[in-house]
Amino acid sequence: MSFNKSDAPFTWTGFSTKWYSVLVNSPNIIEGFKNTLIVAVVTTIISLALGTLLAIGLARYQKSSALEAVALTPAIFPDLALAIGLLALFTSLHLTLGLHSVIISHALFCMAFVTAIVRGRLAQIDSSLEEAAQDLGDTPIGTFFRVTLPSIKPALIAGGLLAFTLSLDEFVIAFFTDGPSTPTLPIVIYSMVRFGVSPEINALATVVLLISALIVTIAQRNVKVQDQI
Amino acid sequence: MALAVKSGGRDAIKRRALLSRAVFLVPGLTYITAFMLIPLGFIIVYTFLSRGTYGGIEFIFTFENYTRALDSLYVGVLVKSILIASAATLLAFVIGFPVAYAITKLPTNRQNILLVLIVLPFWTNFLIRTYAWIVLLNTQGFLNKGLINLGLISQPFELLYKPSAIVLGLLYAYIPLMILPIYSSLVRIDPAMKEAAINLGATPAQAFRQITLPLALPGVLIGAIFVFVPSVGNFIVPELLGGGKTIMVGNLIRDQFLKARDWPFGSVMALSMVIMLCALFFIQARVNRRVLGDARA
Amino acid sequence: MRISRTAVAATAIAGLLLGLTACSSSDSGATALDPNADLSKQTLTVSNWAAYYPEDLATKFKEKFGTSVTITNHATNEEIMAKLTAGGDSGIDVAFVSGQFAQALAAQGLIENLDKSLIPNEANLVPEAAQLSYDKGNKYSMPYSWGTTGICYRSDLMKGNEPTSWNDLLMPKPQYKGKVTMLATERWLMLPAQKALGYSINTQDEAQMGKVKDLLVKAKSNLLAYDDTTFYDRLVSGEAVMVEAWDGWCNYGIAKNKNIKFVVPKEGSDLWADTMVVLKTSKNKEAAHAFINYILDKDIQSWVVDNILYKVPNKPAMDKSLPALIGDYPNMGITPAELLKGEGIVDLGKASALYTRIATEVTAK
């Protein structure tokens with residue numbers, strides 16, 4: 001079922017990389033790509049930081065199923081409802097829409113995914129290591145950096161990569177919260193795809209696909225290595 | 001922050017514990033409150049306001065948005081959305097469960113590859129994936145042309161621009177979200193339990209029904225939510241694959257916000273989706289507790 | 001869930017309080033524009049439909065004036081309207097919107113009255129361009145392209161049954177059922193039915209619109225789809241034989257298949273125009289005016305005509321481009337006088353909610 005329409009684009013005369021060069025020369029697409037990257041990177045950083053902290057807090061310090069539910073809700077909250085709620089919030093604060101508003105919005109649901117993954121990993125890890133560290137005189141902050149973080153490294157990588165790829169392709173929330181002058185790539189694609197799928201779009205899709213596949217492969221390698229440690 | 005263990009007594013420890021708790025929990029929870037709960041609050045507040053002449057909101061309190069929403073036109077759209085999303089979810093389960101189960105039976109290294117393959121389409125842009133179906137299924141598209149060339153049919157099938165096309169589009173879009181959680185649940189089942197059951201005289205079918213299925217249920221329920229919620233609120237698939245002839249609640253919300261610029265009314269629609277989510281959450285928790293309680297007995 | 005419920009209540013109140021303190025963004029009266037402003041110090045962000053302008057427009061403008069231009073795209077009028085009316089500074093200096101939306105923007109005080117001294121190329125416009133009903137005299141908008149809506153069809157697949165009336169589209173002959181599309185955008189969705197019933201396309205009469213709705217619902221069963229953007233491709237592939245289309249768009253189909261023809265039905269049609277407006281929040285108003293003036297230049301607008309196959313109300317530009325195009329694209333030859341026979345589309349104000357509701361009812365059935 002890995003149905004993939006982003007096969008190498010064909011011109012009428014045969015196989016050619018012509019469309020890839022059209023892509024590179026298209027300022028809109030480059031702009032969209034740049035914006036999307038910025039958003040994805042910053043979103044990943046924010047969601048990793050907040051999500052990890054939250055996961056640890058829930059695992060070690062405050063066992064509350066209500067709070068866990070709240071922490072995970074952004075992941076499954078209907079994206080359309082979230083999008084317009086955020087739009088309402090931003091406009092009433094007279095906040096100019098732009099990449100920053102997209103980042104804020106993306107970080108919200110990406111954080112929930114990071115929390116879920118790190119939380120899952122923490123549940124499997126024995127907290128006795130951390131307790132031992134504390135008994136030996138370490139501070140909670142120190143324990144966090146020296147014991148907890150290393151033990152959840154695979155989860156951090158998985159969570160970070162998931163956050164990155166989710167943000168990369170996210171359309172609905174970006175559509176509502178982005179400023180009109182800084183479109184992200186999915187928004188650019190939406191404007192173009194309305195006209196039917198052209199070969200450039202296929203080329204673009206292939207590029208994004210390859211990048212994502214690359215990320216996933218790196219993730220796989222990394223996680224396997226970590227498991228063996 | 002002098003937090004050496006040696007200083008102070010139980011008070012110091014308590015204070016430290018409180019501080020640590022705050023450090024970990026406060027940033028995340030504040031963020032969620034600010035950017036999910038407060039926007040939710042906005043939506044709720046907006047449902048009681050009025051539309052300005054050219055759109056936006058005016059601070060005139062009214063129940064009119066709610067009474068309008070109860071009009072059969074909009075209730076009809078909501079019901080249709082739930083039906084279409086449910087169909088997609090059901091199909092996702094029917095197809096996804098066997099697939100997930102089959103994967104668990106494979107050797108471990110093959111499992112990873114297959115999982116990646118399943119998730120791979122996800123990494124293609126959603127809009128493009130949906131458009132691919134149009135290219136494939138339209139009356140002049142690959143599928144019809146192929147069937148005609150093979151002589152199997154004489155007139156092209158009209159597969160697109162109907163509700164069934166929307167179900168198909170949603171199914172294809174979200175089925176990985178059904179397969180992965182089910183796989184997760186299945187993989188965590190201790191094979192010893194099944195062996196014990198069989199040793200005690202159960203047939204494989206019975207063991208499956210009474211051990212595997214209930215223990216897989218949490219994954220199934222999560223998968224169902226992961227498929228249903230984005231499906232019911234989707235506006236792209238109905239627009240592209242439904243030919244604009246079938247509108248779902250997502251289209252309604254989008255139109256209210258972008259075309260009619262009737263934010264208060266759109267907010268009522270959006271709120272209905274949030275309520276649906278809460279209802280599903282609730283059902284999932286209840287079913288989980290009941291079924292898992294039985295299985296553990 | 002208990003915790004989140006109290007939080008929701010608290011934040012709802014917070015939301016209300018926040019909203020109440022929101023100040024309305026008022027802009028003071030127009031400050032005079034400086035004709036000698038240094039344009040290289042200004043930057044422009046322009047929003048237009050994709051593929052609706054020369055690819056090197058931004059580069060050429062920068063070469064000439066030194067201003068950096070970023071052109072972003074919007075897929076529909078509604079999209080850009082939502083962003084522009086959301087409040088606050090959208091970051092857009094110049095927006096391309098259809099006429100009736102420019103009217104709405106002006107009514108909300110969001111766009112500048114144009115300083116004509118900075119737009120000498122306005123003289124290139126045909127006299128009819130000053131009679132557009134959404135902005136007579138082009139006080140706050142400049143027309144970029146104009147045209148009418150009609151039926152675009154495959155003459156080879158409809159031999160002997162060429163459409164002449166909107167009813168041919170709404171109630172097609174049996175062999176054409178399921179091979180017809182209509183435009184999805186509200187105003188143009190209503191148009192065929194309104195004209196077929198003899199009503200104005202700007203009518204606000206509920207009884208009339210009720211009849212329009214009934215006709216549209218009946219027509220829906222004959223439709224392949226509602227389509228704003230790929231309808232000409234469907235004609236080319238044969239998936240559809242008859243589509244409701246804007247004249248310029250039909251030309252895209254004609255370019256691919258010479259059997260495609262365009263006709264304005266006998267009941268009449270509209271006159272639409274896409275316009276350029278300057279946002280009040282723009283901090284680069286001089287550059288914005290220079291940009292609009294640049295577009296109205298005969299060579300630039302001639303380029304537009306050559307590339308997007310739309311008519312423009314620019315006499316020297318049409319004089320330059322029309323001869324080469326008229327053979328293949330007859331609808332390019334519709335004269336301004338003929339266009340003015342079409343009914344100008346104006347903003348509906350409060351009545352737009354009625355149109356949205358009817359559109360919903362039609363598409364939901």
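Keep in mind the model is a prediction, meaning the values are calculated, not measured.

1. Points about the confidence of the model for chain A
On average, residues of chain A score 78 in pLDDT, and 83% of them reach the 70 mark or higher. Under a pLDDT of 50 for its full length, residues 1-15 of chain A has, in the predicted model, 25 contacts with residues more than four places off or in other chains.

2. Notes on unusual backbone geometry
Its identity is not glycine, yet B:Tyr161 carries a phi of approximately 60°, on the positive side. Given 26 C-beta atoms within a 10 Å radius, B:Tyr161 is considered buried. In this structure, C:Leu309 is a non-glycine residue whose phi angle is positive, near 55°. Residue placement: C:Leu309 occurs in the loop between helix H11 (298-308) and helix H12 (315-326).

3. Details of the pairing of strand E3 (residues 94-98) of chain C
Burial within E3(C) is extensive, with five of its five residues counted as buried. Residues C:Val94, C:Phe96 and C:Ser98 line one face of E3(C) and the alternating positions C:Ala95 and C:Val97 line the opposite face, and both faces are buried.

4. Description of the environment of C:Glu162
Inspection of the secondary structure puts C:Glu162 in the loop between strand E5 (149-154) and helix H5 (166-170). In the structure, C:Glu162 is positioned 101 residues away from C:Val263 in sequence and 9.3 Å away in space, judged by C-alpha atoms.

5. What to know about the interface of chain A and chain B
If you look at the interface, chain A gives 51 residues, while chain B gives 47 residues. Mapped by element, the contributors of at least two residues to the side of chain A that touches chain B are helix H2 (27-61), helix H3 (65-76), helix H4 (79-92), helix H5 (99-124), helix H8 (153-169), helix H10 (185-193) and helix H11 (199-228) of chain A. If you tally residues by element for the side of chain A that touches chain B, the top one is H4(A), at nine residues. Split into classes, the residues belonging to the side of chain A that touches chain B amount to 35 nonpolar, 13 polar and three charged.

6. So, the packing of helix H6 (residues 186-196) of chain C against helix H14 (residues 352-364) of chain C
Residue and element names in this part refer to chain C. Running from N to C, H6 and H14 point in directions that differ by 75°, and their axes come no closer than 10 Å. Classified by the angle between their axes, H6 and H14 sit roughly perpendicular to one another. Contacts between H6 and H14 involve Glu186, Leu189 and Met190 from the first element and Tyr355, Thr356 and Ala359 from the second. Of the residues assigned to the contact of H6 with H14, the class counts are four nonpolar, one polar and one charged.

7. Focus: the packing of helix H12 (residues 249-259) of chain B against helix H3 (residues 77-84) of chain C
One can describe the packing of H12(B) onto H3(C) by two numbers: an axis separation of 8 Å at closest approach and a directional angle of 60°. In this view, H12(B) runs oblique relative to H3(C), as classed from their interaxial angle. Packed against H12(B), whose contacting residues are B:Phe257, B:Leu258 and B:Lys259, the element H3(C) presents C:Glu78, C:Glu79 and C:Ala82 at the interface. Of the residues belonging to the contact of H12(B) with H3(C), the class tally is three nonpolar, no polar and three charged.

8. Describing the domain arrangement of chain C
Residues and elements named next belong to chain C. As far as domains go, chain C holds domain 1 (40-146 + 273-334) and domain 2 (149-268 + 346-364). Centre-to-centre, using C-alpha coordinates, domain 1 lies 27 Å away from domain 2. With 13 residues of domain 1 in contact, the opposing surface of domain 2 contributes ten residues. The leading source of residues in the side of domain 1 that touches domain 2 is helix H4 (residues 99-107), at three residues.

9. Comments concerning the pairing of strand E10 (residues 270-278) of chain C
Residues and elements named next belong to chain C. Within E10, nine of the nine residues are buried, leaving the element largely enclosed by the surrounding structure. Along E10, one buried face is formed by Asp270, Trp272, Asp274, Met276 and Val278 and the opposite face, lined by Leu271, Ala273, Thr275 and Val277, is buried too. Relative to strand E11 (residues 343-344), E10 runs parallel, the two being bridged by two bridges. Considered in E11, the bridge of Leu271 is made with Gly344.

Cut-offs and rules
- Residues numbered from 1 in each chain as written.
- Chains lettered and ligands numbered in written order.
- Predicted model: local features only at pLDDT ≥ 70, side-chain atom pairs only at ≥ 80, totals over all residues.
- pLDDT = per-residue confidence, 0-100.
- Contact = placed C-beta atoms within 7 Å.
- Buried ≥ 20, exposed ≤ 12 C-beta atoms within 10 Å, placed from the backbone.
- Helix = DSSP H or I, 4+ residues; strand = E, 2+ residues; numbered from the N terminus.
- Nonpolar A, V, L, I, M, F, W, Y, C, P; charged D, E, K, R; others polar.
- Axes fitted to C-alpha atoms, helices over the stretch in contact; angles between N-to-C directions.
- Parallel < 35°, antiparallel > 145°, perpendicular 65-115°, else oblique.
- Domains from an automatic or database assignment.
- Pairing = 2+ DSSP bridges.

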